[in-house]
Amino acid sequence: MQLLRRIGLILLWLAAPLVAFAAANKNDPYLLVLRGAGNIALVVASIAIIIVLLRSGRWRTIAGKLLVMLWCLPLVLMSAAHLEFERRKHDVLSASAVEARQLGPHFMVGYSSFAEVARLAERGLIGGIYVTRHNIRGRTVEALRAEITALQDKRSAAGLPPLVVAADQEGGIVGHLAPPLTKLPALATLTGLAPDVQQARAEEFGRIHGRELAGLGVNLNLAPVLDLKPPARRNRLDFHTLIGYRAIATDPAVVSAIASAYVRGLEETGVGATLKHFPGIGRVRTDTHHFSANLDTSVRELEATDWLPFREVLSHSRSALMVGHVTLTAVDPDRAASHSKRVIGGIIRDKWGYQGVVMTDDLVMGAIYQNDVCKAVVEALNAGVDRLLVAYDGAQFYRIFQCALEGSRQGKLDAAMLRASEARLQRGSPIEQARATSSVVHVVDKNQPFAN
């Protein structure tokens with residue numbers, strides 16, 4: 001019995017710092033699983049342990065007092081973390097109407113609480129939402145459709161433009177709303193077919209995704225993936241990117257043909273496409289969900305290979321372009337492409353002439369969030385990014401929006417860039433896209449700059 005008590009005490013000494021760390025970082029994306037019930041469990045466990053230590057008389061010794069104080073620490077740290085979160089939230093919700101109109105359209109946010117996202121939507125603090133697995137888990141399609149409709153009604157009542165509603169339906173291992181939507185195979189499964197059959201099937205895949213997403217109220221699909229398929233090798237630390245399973249092919253021409261057909265089918269239904277993840281992550285083995293990553297290939301080689309599908313599909317469509325969090329070292333070795341003016345302004349806008357919507361990959365990914373996220377937000381907006389995605393953990397919206405808010409208040413944001421971005425977002429709005437779908441005939445002239 002004495003041995004068991006000693007083991008118990010040792011475990012309490014070891015567990016206290018871990019619980020304190022979790023409490024202090026309760027709002028970190030990596031501890032998302034502890035939110036809500038998990039945090040309550042930590043509080044209850046800490047209080048219970050304190051009571052047991054006090055009742056057992058451990059507090060009479062110096063070591064016992066220290067242990068009791070150590071188990072009080074999680075309660076103090078969790079309270080401090082919660083107060084900091086509420087302070088940021090209050091600051092964001094107190095933003096003026098002018099600040100909301102200037103910054104809100106640039107943010108697309110994932111959410112768990114309808115009431116919370118409705119408040120952001122009504123106040124114009126966001127321009128779009130992202131729906132994924134947890135929004136439909138245990139619910140019917142009709143329930144999610146009604147929720148999205150209710151949000152759009154609130155926007156209309158507030159005199160604000162419709163929300164962009166995005167989802168991740170690539171097919172294959174990434175189909176976050178399937179089931180209940182149709183689970184389609186990856187576009188890579190079409191590569192062995194004859195070219196005409198290949199394109200017909202890809203176009204049909206796009207129509208199926210588009211019809212089902214449009215019926216739900218989704219107007220933007222974060223697909224297709226245009227990264228070139230990497231060699232058959234896998235980094236064991238790559239838990240989430242898994243681009244080898246998601247990319248279409250190694251041949252840029254095959255990727256272009258299949259992706260173009262898929263986008264045609266998608267756009268026929270009034271749903272927009274998003275080409276990802278420029279400048280390409282097929283050559284990168286590091287998982288940017290967790291770590292910074294370098295793309296060390298020369299621009300000349302990328303132009304001749306990895307970037308061909310992006311330029312080809314952009315020239316045939318009204319697609320948005322998602323920029324990933326890899327660092328294109330040959331162009332800007334000091335920052336990820338997603339907030340690099342040399343990449344977004346120098347290559348995408350100036351060299352390519354693309355004037356459509358550019359968005360970031362999820363800013364909650366480790367490559368950005370675990371570094372200076374405020375610097376990245378300001379640099380992204382100043383570089384010409386139109387839409388900042390906060391997807392995995394919507395609660396981080398308050399921290400990220402506050403970065404933009406402080407940047408604006410301190411005069412760090414480029415007003416001309418914001419005005420140009422506002423014009424691009426208006427052209428790429430759901431209403432304008434729907435009008436274009438019913439009236440535009442795509443005419444391709446490869447000698448002309450992109451005019452999306």
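A quick note: this is a predicted structure, and the numbers were derived from the prediction, not measured.

Novice: Can you lay out the side chain of Asp362 for me, pointing to particular residues and giving the numbers?
Specialist: The residue Asp362 is located in the loop between strand E11 (358-360) and helix H14 (366-369) in this model. In this structure Asp362 is buried but unpaired, with Lys276 as the nearest side chain of opposite charge at 11 Å. A polar contact is formed between the side chain of Asp362 and the backbone nitrogen of Val364, at a distance of 3.0 Å. A polar contact is formed between the side chain of Asp362 and the backbone nitrogen of Ala391, at a distance of 2.9 Å. Dropping the residues within four chain positions of it, Asp362 is found in contact with His325, Leu389, Val390, Ala391 and Tyr392.

Novice: Can you lay out the pattern of salt bridges for me, pointing to particular residues and giving the numbers?
Specialist: For the structure on display, the rule yields 25 salt bridges. Ionic pairing is found between Glu147 and Arg139, a salt bridge with its closest N-O pair at 3.1 Å. Since its relative accessible area comes to 32%, Arg139 is described here as partly exposed. Sharing partners across several salt bridges, the network here consists of Glu203, Glu204, Arg207, Arg211, Arg264 and Glu268.

Novice: Lay out the packing of helix H2 (residues 37-55) against helix H3 (residues 62-93) with the relevant residues and their values.
Specialist: Here H2 crosses H3 at 155°, and the two axes come no closer than 9 Å. In this view, H2 runs roughly antiparallel relative to H3, as classed from their interaxial angle. Both H2 and H3 take part in a crossing whose hand is left-handed. Contacts from Asn39, Leu42, Val43, Ser46, Ile47, Ile49, Ile50, Leu53 and Leu54 in H2 reach Leu67, Val68, Trp71, Cys72, Pro74, Leu75 and Met78 in H3.

What counts and how
- Residues numbered from 1 in each chain as written.
- Predicted model: local features only at pLDDT ≥ 70, side-chain atom pairs only at ≥ 80, totals over all residues.
- Heavy atoms only, no water.
- Helix = DSSP H or I, 4+ residues; strand = E, 2+ residues; numbered from the N terminus.
- Buried < 20%, exposed > 50% of the residue type's maximum accessible area, 1.4 Å probe, protein only.
- Lys, Arg positive; Asp, Glu negative; His and termini not counted.
- Salt bridge = Lys/Arg side-chain N within 4 Å of Asp/Glu carboxyl O.
- Polar contact = N/O pair within 3.5 Å; in protein donor to acceptor, adjacent residues only side chain to side chain.
- Contact = heavy atoms within 4.5 Å.
- Axes fitted to C-alpha atoms, helices over the stretch in contact; angles between N-to-C directions.
- Parallel < 35°, antiparallel > 145°, perpendicular 65-115°, else oblique.
- Left-handed = near helix turned anticlockwise from the far one by under 90°.

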